[in-house]
Amino acid sequence: IVPYVGGRERSRNPEDIVAEVKKLASEAVVEVMLLGQNVNSYGKNLENPISFAKLLTMVEEVEGIERIRFMTSHPKDLSDELIEVMAHSKKICKHLHLPVQSGSSRILKLMNRKYTKEHYLELVDKIRTAVPDIAITTDIIVGFPGETEEDFQETLDVVRKAKYDSAFTFIYSKRSGTPPDQVPDDVVHERFDRLLKVVNEAAKEQNGKLTGNTELVLVEEIDEKDDTMVTGRLSNNSVVHFKGDASLIGKIVPVVLEESKGFYYLGRLSVNG
């Protein structure tokens, strides 16, 4: 129901977006995020249509911008052109948020998602082949009206095969205009717990792969729990904590990733650069 409530999609002119990014770059911003209900449908309704992939290449040319992120990408129209641009880009972050919502093709049809389980998994394979070090995250809804145990098992299957780095999991919430065939609360909560377990198992496999590496971290803030440390992010969106002070905020610095704590790393500033 969300896209209908939001009204028709509108695309900003690419020239306006690039001008805004240039202004941000002149103010020492090094990372930008392009945000849309579905970034893949960007530009189709403009007077001079342009693809989202083309917009990314335009933003990439802005001097001073070091990192480009975007979300959300809808699996129904993620193009080969976009995958190609991501594979060759020096600035697009190695992170893709690709909401699956359900692993059951039957439920996906009821959700009006316009792709199947098979199409989704093919897409994940294609992306991982083109960008081997990418982190893929997702959204999953449990308890969509009419969801059976069999449908739910299909979702668990996708989580195992897609090997997500992390997943935002939600319990279906009723809205006016949504289907009436509700799944009992106790069943939904029990499935939710099982899903979390599988998501965490898959994430554990992915997380920590970079331990021992020296990676570039964009420092965002002083660590909330320890003011002798700072917190930043890798290109793949993983959080890193390491010793440092406020002078590092906004800078991209090399950090040795010494230890993985699941969803974050502990590291130390690399003196060799």
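About the cut-offs
Residue indices begin from 1 for each chain and proceed along its sequence in written order. Under the rules for a predicted model, residues below a pLDDT of 70 receive no local features and side-chain atom pairs below 80 are neither given nor counted, while totals for whole chains, interfaces and linings still include all residues. Side-chain numbers here rest on the full set of heavy atoms in the structure, without hydrogens or water. Whenever a helix is involved, its axis is fitted only over the stretch in contact; in every case the axis is a line through C-alpha atoms, and angles between N-to-C directions fall within 0 to 180 degrees. A run of DSSP states H or I qualifies as a helix once it reaches four residues; a run of E qualifies as a strand once it reaches two. Both are numbered from the N-terminal end. An angle below 35 degrees is read as roughly parallel, one above 145 as roughly antiparallel, one from 65 to 115 as roughly perpendicular, and any other as oblique. Left-handed describes a crossing whose near helix is turned anticlockwise from the far helix by less than a right angle; the clockwise case is right-handed. Whether two residues are in contact is decided by their heavy atoms, any of which lying within 4.5 Å being enough. In this count, Pro and Cys sit with the nonpolar residues alongside Ala, Val, Leu, Ile, Met, Phe, Trp and Tyr, while Asp, Glu, Lys and Arg are called charged and the others, Gly among them, polar. Between the rings of Phe, Tyr and Trp (Trp by its six-membered ring), a pair exists once the centres lie within 6.5 Å; its type follows the angle of the planes, with under 30 degrees stacked, over 60 edge-to-face, and the other angles tilted. The cut-offs for exposure are 20% and 50% of the maximum accessible area for each residue type, with area from a 1.4 Å probe on protein chains only; residues under the lower value are buried, those over the upper are exposed, and the others partly exposed. The criterion is simple. A nonpolar core is a set of buried Ala, Val, Leu, Ile, Met, Phe, Trp, Tyr and Cys residues joined through side-chain atoms within 4.5 Å. We call two strands paired when DSSP finds no fewer than two bridges between them.

J.: Which parts of the structure should I look at to understand the packing of helix α7 (residues 149-162) against helix α8 (residues 185-206)?
T.: The description of two packed helices rests on the angle between their axes and on the distance between the axes. Here α7 crosses α8 at 15°, and the two axes come no closer than 9 Å. Between α7 and α8, the angle falls in the class roughly parallel. Judged by the twist between their axes, the crossing of α7 over α8 is right-handed. Here Glu149, Phe152, Gln153, Thr155, Leu156, Val159 and Arg160 of α7 come into contact with α8, specifically with Arg191, Arg194, Leu195, Val198, Val199 and Ala202. In terms of residue class, the contact of α7 with α8 is built from 7 nonpolar, 2 polar and 4 charged.

J.: When you look at the packing of aromatic side chains in this model, what are you seeing that I'm missing?
T.: Inspection of the entire model under this criterion finds 3 aromatic pairs. On the numbers, 6.1 Å between centres and 35° between planes, the contact of Tyr115 with Tyr120 is tilted. The exposure class of Tyr120 is buried, given its relative accessible area of 0%. Between the aromatic rings of Phe144 and Tyr172, the centroid separation amounts to 5.2 Å while the plane-to-plane angle is 75°, which identifies the pairing as edge-to-face. In this pair, Phe144 sits in the loop between β4 (135-142) and α7 while Tyr172 sits in the loop between β5 (166-171) and α8, placing the two residues 28 residues apart along the sequence. The buried category is assigned to Tyr172, whose relative accessible area is 13%.

J.: Looking at this structure, how should I read the nonpolar core?
T.: Considering soluble globular proteins, one finds that nonpolar side chains tend to be buried as a cluster. Ranked by internal contacts, the top residues of the largest apolar core, which has 58 residues, are Phe52, Leu56, Phe70, Leu98 and Ile127. Broken down by element, this core gets its largest block of residues, 6 residues, from α8. Discounting residues that sit within four places of it in the chain, Phe70 has contacts with Met33, Leu34, Val39, Phe52, Leu56, Leu82, Met86, Ile92 and Leu96. By size, the runner-up hydrophobic cluster in this structure holds 11 residues, among which are Val230, Leu234, Leu248 and Val255.

J.: What am I meant to see in the sheet that holds β4 here?
T.: Sheet strands line up and pair through hydrogen bonds in the backbone, either parallel or antiparallel. Spatial ordering of the open sheet is given by β3-β4-β5, a layout of 3 strands whose pairing is parallel. Two strands in the sheet have a free side with no partner beyond their single neighbour: β3 (95-97) and β5. Within this sheet the neighbouring strands show an average axis-to-axis angle of 15°, counted without direction.

J.: When you look at the environment of Gly250 in this model, what are you seeing that I'm missing?
T.: Summarising the element assignment, Gly250 is placed in the loop between β8 (239-243) and β9 (252-260). Among the residues examined, Gly250 registers a relative accessible area of 35% and is labelled partly exposed. On a C-alpha basis, the gap between Gly250 and Val219 in space is 5.5 Å, while along the polypeptide they are 31 residues apart. With residues up to four places along the chain from it excluded, the contact list for Gly250 reads Val30, Leu218 and Val219.

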